[in-house]
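Overview (structure and organization)
Okay, here's what each chain looks like letter by letter:
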Amino acid sequence: MVDDDIAARGVGDPRVLAAMRAVPRERFVPPALAELAYADRPLPIGEGQTISQPYVVAWMVEALELAPTDRVLEIGTGSGYAAAVLAQLTPHVWSIERVPALAARARANLAAADVTTVQVIEGDGTLGLPALAPFDAIVLTAAGPAVPPALSAQLADGGRLVAPVGVQDGPQELVRLRRAGARLELEALGAVQFVPLIGAQGFAPR
Ligand code: SAH
């Protein structure tokens, strides 16, 4: 999967490819779907949510340009899979999930995959974790109408934020913000499709 679906499609950072090889994705999908764990596609994980497509996880993680000392905040723990990939690149990972049942399962999945460094927090990730800010990297795995201002405010100088932004169940774009002092530089990385970011600085629940 890593050679055919991820490296061949342009993810070149060897540390990211090694991180993708190190994480057993079958530990993060429902047991009934285990045989699809290494297909390059999103899969349902319950509560109307999905584990992201592996290629998209690798692309987003590469876009974060992580150094081994970086402090990383993920919004949308879901299965815990992307958090486990992040944990291969730095020991400082916090991940926020709004659905308590998913947060509990993600903790169990991470433990089963021997990932012990990720802190899973239940709550509204659109507000970030002000008490632990600033973060060198912030990644959202659910799409909001815009990047939550609370999150860009928690980005360290030189920090990177990668997020899908757009219409609920419609066109979305992966964007990267980079903080340069008081300035935020914005880059568009490409088209994506994510579940909605629901919260105070996201979409309203339906
Ligand atoms: N990174 C996950 C992908 C999960 S899908 C994985 O690798 O499996 C996105 C997740 O974002 C869902 O679990 C959804 O419940 C969660 N989510 C949506 N809005 C959120 C918010 N405001 N705060 C935290 N989590 C949120």
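Residues numbered from 1 in each chain as written. Predicted model: local features only at pLDDT ≥ 70, side-chain atom pairs only at ≥ 80, totals over all residues. Heavy atoms only, no water.

**Some details on the pattern of salt bridges**
The full count for this structure, using the stated rule, is eleven salt bridges. In this structure, Arg-178 and Glu-65 form a salt bridge, with 2.9 Å as the shortest nitrogen-oxygen distance. Taken together, the residues Arg-178 in strand E8 (residues 172-180) and Glu-65 in the loop between helix H3 (54-63) and strand E3 (71-75) connect sequence positions 113 residues apart. Looking at Glu-65, the relative accessible area reads 39%, which means it is partly exposed. Here the salt bridges share partners, and the residues they tie into one network are Glu-65, Arg-176, Arg-178 and Glu-187. (Salt bridge = Lys/Arg side-chain N within 4 Å of Asp/Glu carboxyl O. Helix = DSSP H or I, 4+ residues; strand = E, 2+ residues; numbered from the N terminus. Buried < 20%, exposed > 50% of the residue type's maximum accessible area, 1.4 Å probe, protein only.)

**Overview of empty space enclosed by the protein**
Considering all chains together, one arrives at one cavity of 30 Å³ or more under this definition. For the largest cavity, the full set of lining residues is Ser-52, Val-57, Met-60, Val-61, Leu-64, Glu-74, Ala-82, Leu-86, Val-139 and Thr-141. Elements that contribute at least two residues to the lining of the largest cavity include exactly H3 and helix H4 (81-87). (1 Å grid on protein atoms, 1.4 Å probe; cavity = no way out; pocket = protein on both sides within 12 Å on 5 of 7 lines; lining within 4 Å. Points joined across faces, edges and corners; volume = space filled by probe spheres on them.)

**With respect to helix H2 (residues 14-22)**
Residues Val-16, Leu-17, Ala-19 and Met-20 constitute the buried set of H2. An end-on view of H2 places all buried positions within 160 degrees of arc, on one side of the element. Along H2, the residues that are exposed and aim more than 90 degrees away from the buried face are Pro-14 and Arg-21. Where the residues of H2 are buried, they touch helix H1 (2-7), H3 and H4. (Arc of directions from axis to C-beta. Contact = heavy atoms within 4.5 Å.)

**A closer look at the pairing of strand E7 (residues 155-166)**
For E7, a buried count of nine out of twelve residues is recorded, marking the element as mostly surrounded by other parts of the structure. Direction of pairing for strand E6 (residues 135-140) relative to E7: parallel, over a ladder of four bridges. Its bridge partner lying in E7, Phe-135 is registered against Leu-155. Examined bridge by bridge, E7 and E8 share seven bridges and lie antiparallel to one another. Its bridge partner being in E8, Val-165 is matched across the sheet by Glu-173. (Pairing = 2+ DSSP bridges.)

Limitation: the analysis is restricted to geometry and does not speak to function.
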